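A look at the structure
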Amino acid sequence: MDERAIFLIHDSLAQLIPIAGQADAMFNIRLLDTYPELYRIFAMDIDERDRSFVGLLVIAVERLRLHGAIMPAASVLLRERKVYRVVHDNYVAVGLTLIWTLRRCLGAGFTVEVERAWQKALVLQPDRVAVNG
């Protein structure tokens, strides 16, 4: 992961933090509507402080340099939080929902370059993202 991509991810995340409550709600509603079976995994047995999508994302992004991508960092984070029911296929659904949420929350700030940085960090293929768009 190059420094420019990491900078863009950190910068866009900083823009998301002031509207974290709105972003959390949008992410959760989209996840529930699109992947109800996965939403149930995240809604069950998770401490209230760990339910914040933006809060978990901040922690995962802080580990970006260490793990080289967000999904490996998220995987470690979910194991630490003892959320064992999440499997690899679920990460794609979460990544697609994340891209959808960022696109809507950041508006014009979610440029093509920023989206590519997030896709790279999430290890998503651009055509997979467009399908859920």
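All figures in this text were calculated on a predicted structure; none of them were measured in a lab. (Residues numbered from 1 in each chain as written. Predicted model: local features only at pLDDT ≥ 70, side-chain atom pairs only at ≥ 80, totals over all residues. Heavy atoms only, no water.)

Moving on, we get to the overall build of the chain. Per the secondary structure count, the chain includes nine helices and zero strands. Ordering the α and β elements of the chain from the N terminus gives α-α-α-α-α-α-α-α-α. Taken over 133 residues, the chain has a buried fraction of 47%. Of the contacts made within the chain by residues no fewer than 6 positions apart, 72% connect residues no fewer than 24 positions apart. For the chain, the accessible surface area stands at approximately 7,100 Å², while carbon and sulfur atoms represent 57% of it. (Helix = DSSP H or I, 4+ residues; strand = E, 2+ residues; numbered from the N terminus. Buried < 20%, exposed > 50% of the residue type's maximum accessible area, 1.4 Å probe, protein only. Contact = heavy atoms within 4.5 Å. Areas by Shrake-Rupley, 256 points an atom, 1.4 Å probe, with all protein chains shown as cover.)

A few words on the side chain of Asp 24. Mapped onto the elements of the fold, Asp 24 is located in helix H2 (residues 20-34). Overall, Asp 24 belongs to the buried group, its relative accessible area being 14%.

This part takes up the confidence of the model for the chain. Put simply, the chain has an average pLDDT of 76, and 65% of its residues get 70 or more. The secondary structure element of the chain with the lowest average pLDDT is helix H9 (residues 126-132), at 38, and the one with the highest is helix H1 (residues 3-16), at 93. The low-confidence segment residues 125-133 (pLDDT under 50) makes 18 contacts with residues lying over four places distant or belonging to another chain. (pLDDT = per-residue confidence, 0-100.)

With that settled, consider the pattern of salt bridges. Counted under the stated rule, the structure contains three salt bridges. Ionic pairing is found between Arg 4 and Glu 113, a salt bridge with its closest N-O pair at 3.0 Å. Of this pair, Arg 4 sits in helix H1 while Glu 113 sits in helix H8 (residues 112-122); the two residues are 109 residues apart in sequence, bridging distant segments of the chain. In this structure Arg 4 comes out as partly exposed when scored by relative accessible area, which is 43%. (Salt bridge = Lys/Arg side-chain N within 4 Å of Asp/Glu carboxyl O.)

This part covers helix H4 (residues 53-62). Residues Phe 53, Val 54, Leu 57, Ala 60 and Val 61 constitute the buried set of H4. Down the axis of H4, the buried side of the element spans an arc of 120 degrees, and every buried residue falls inside it. (Arc of directions from axis to C-beta.)

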